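# Commentary on secondary and tertiary structure
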Amino acid sequence: MDKDYYSVLGIAKAATDAEIKKAYRRLAKKYHPDVSTEANAEEKFKEVQDAYEVLKDDKKRKLYDQYGRNWQHAGQNSFQQETHHRGSGSSQQYRYQSGDFGDYEDVFGEFFRQQRARQRQQKQGFSINGQDLHTKVDISVTDAFAGVERELHFAYQTIDQEGRMIEKTKRLKVKIPKAVGNHQQIRLKGQGEAGVGGGQDGNLYLEICVQSDKQYKVVNNDIYSHIPIAPWEAALGAEIMVPTPHGSMKLNIPEHTQSGKKMRLKGKGLADGDFYIVLEVILPPAVSDAQKAFYQKMAQEMAFDPRKDLLGV
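Residues numbered from 1 in each chain as written. Predicted model: local features only at pLDDT ≥ 70, side-chain atom pairs only at ≥ 80, totals over all residues. Heavy atoms only, no water.

### Here's the deal with the packing of helix α3 (residues 41–55) against helix α4 (residues 58–67)
Direction vectors running N to C along α3 and α4 enclose 105°, while the axes themselves pass 6 Å from each other. Taken as axis vectors, α3 and α4 run roughly perpendicular relative to one another. Between α3 and α4, the residues in contact are Glu-53, Val-54 and Leu-55 and Lys-60, Arg-61 and Tyr-64, respectively. Residue composition of the contact of α3 with α4, grouped by class: three nonpolar, no polar and three charged. (Axes fitted to C-alpha atoms, helices over the stretch in contact; angles between N-to-C directions. Helix = DSSP H or I, 4+ residues; strand = E, 2+ residues; numbered from the N terminus. Parallel < 35°, antiparallel > 145°, perpendicular 65-115°, else oblique. Contact = heavy atoms within 4.5 Å. Nonpolar A, V, L, I, M, F, W, Y, C, P; charged D, E, K, R; others polar.)

### Here's the deal with the sheet that holds strand β11 (residues 275–281)
As summarised here, the arrangement of the four strands in space is β6-β7-β11-β10, forming an open sheet in which the pairing is mixed. Edge positions in the open sheet fall to β6 (217–219) and β10 (262–265), since each of these has one partner strand only. Going from strand to strand, the sheet's axes swing by 25° on average, the running direction of each strand aside. (Pairing = 2+ DSSP bridges.)

### Describing a nonpolar patch on the surface
Taken together, the side chains of Phe-294, Met-298, Met-302 and Phe-304 make up a nonpolar region of the molecular surface, amounting to roughly 490 Å² of accessible area. Inspection of the secondary structure assignment puts Phe-294 in helix α9 (residues 289–302). (Patch = residues over 30% accessible without salt bridge, like charges linked within 9 Å, V, L, I, M, F, W, Y side chains within 5 Å. Areas by Shrake-Rupley, 256 points an atom, 1.4 Å probe, with all protein chains shown as cover. Salt bridge = Lys/Arg side-chain N within 4 Å of Asp/Glu carboxyl O.)

### Comments concerning the sheet that holds strand β5 (residues 204–210)
The three strands lie next to each other as β1-β5-β4, forming an open sheet whose pairing is mixed. Edge positions in the open sheet fall to β1 (133–139) and β4 (184–188), since each of these has one partner strand only. Strand-to-strand, the axes of this sheet are offset by a mean angle of 30°, without reference to chain direction. Examined bridge by bridge, β4 and β5 share five bridges and lie antiparallel to one another. Across the sheet, residue Ile-186 finds its bridge partner in β5, namely Leu-206.

### Concerning the environment of Phe-145
If you trace the backbone, Phe-145 turns up in helix α7 (residues 141–146). Relative accessible area serves as the criterion here: at 16%, Phe-145 is assigned to the buried category. On a C-alpha basis, the gap between Phe-145 and Ile-176 in space is 10.0 Å, while along the polypeptide they are 31 residues apart. Phe-145 has contacts with Lys-178, Ala-179, Ile-223, Pro-245, His-246, Lys-268, Gly-269 and Leu-270, leaving out every residue within four places of it along the chain. (Buried < 20%, exposed > 50% of the residue type's maximum accessible area, 1.4 Å probe, protein only.)

### Structural notes on the side chain of Asn-182
Residue position: Asn-182 is located in the loop between β3 (165–176) and β4. A distance of 3.0 Å separates a polar side-chain atom of Asn-182 from the backbone oxygen of Asn-220. Setting aside residues up to four positions removed in sequence, Asn-182 forms contacts with Ile-208, Cys-209, Val-210, Val-218, Asn-220, Asn-221 and Leu-270. (Polar contact = N/O pair within 3.5 Å; in protein donor to acceptor, adjacent residues only side chain to side chain.)

### Focus: the confidence of the model for the chain
Looking at the chain as a whole, the pLDDT averages 80, with 79% of positions reaching at least 70. Low pLDDT (under 50) marks residues 78–112, which in the prediction has 24 contacts with non-local residues, meaning those over four places away or in another chain. (pLDDT = per-residue confidence, 0-100.)

### Quick look at the packing of helix α2 (residues 17–31) against α3
Closest axis-to-axis distance for the α2/α3 pair is 9 Å, and the angle between their directions is 160°. Judged by the angle between their axes, α2 and α3 are roughly antiparallel. The handedness of the crossing between α2 and α3 is left-handed. Here Ile-20, Lys-21, Tyr-24, Leu-27, Ala-28 and Tyr-31 of α2 come into contact with α3, specifically with Ala-41, Lys-44, Phe-45, Val-48, Gln-49, Tyr-52 and Leu-55. Taken together, the residues that form the contact of α2 with α3 break down as 10 nonpolar, one polar and two charged. (Left-handed = near helix turned anticlockwise from the far one by under 90°.)

### Digging into the nonpolar core
Of all hydrophobic cores here, the largest spans 35 residues; its most connected members are Ile-139, Ile-176, Leu-206, Ile-208, Ile-277 and Leu-279. Beyond its immediate sequence surroundings of up to four residues, Leu-279 is in contact with Ile-227, Ile-229, Leu-251, Ile-253, Thr-257, Gln-258, Ser-259, Gly-260, Lys-261 and Met-263. Listed in part, the 22 residues of the second largest apolar core include Tyr-5, Ile-20, Tyr-31 and Val-48. (Core = buried A, V, L, I, M, F, W, Y, C linked by side-chain atoms within 4.5 Å.)

Okay, here's the thing in structure tokens:
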């Protein structure tokens, strides 16, 4: 007795398209004659193929659910019954224009297409492409601008020759190009899961994640650097040297600069991002009596109340 297609794939009758495809990939790898060690691998492999060819197609699956393994003949019998009614004087109208046979044409045409496909598979063999793999690579801001070589070690799940889910480890050296963007993807062709039966190897996709550190904060492709300045530099203006991923550079601080002021260097961030310098006014500590007296004199001379607007005075 022929096995039920759902039983062949080991799925429920209400299985989704994704579940059907997943079951097929697992069993096809398990029973592929090129890799399987089971005695009845070729027979099992053909059963899996037959089941998948029907269940992956909505029209064929609907007919199979209604008529079982005789779904193709069921379509033919239905066509013959309609022809008989027409010949016996039925008033029903039938269309026999070329290319307008509806589901009947689909069923008959698919039958012959399946036969031709099986003949090609027997001559050419069957192959399954390997799946693509994805992993993240953390690098520093400096490495993002200069480029870096990394040795990657990561694990992924795949299916062995027995159809079991196993975990494998992949190791390889990769070169991260200079001027890479944050969360940019790099494709390494053929470095993913290996194909079966001559199928193409999958690709490996690297997501580059540029990490913030003590000096630089990364937001998308923009970089922020907080630079401390003295009160007199903020009040009087100054020319200072500041570090950037591109090297040290001169920065002109305008007079009356407040703490928190941002200065943008357009296009100096990651990829198409910008580089922002955030100025922070740092007060020197008043330790000695002379230093304390200097602050007291400032308070008298300046008569400055930073909370005036807040208090409504």
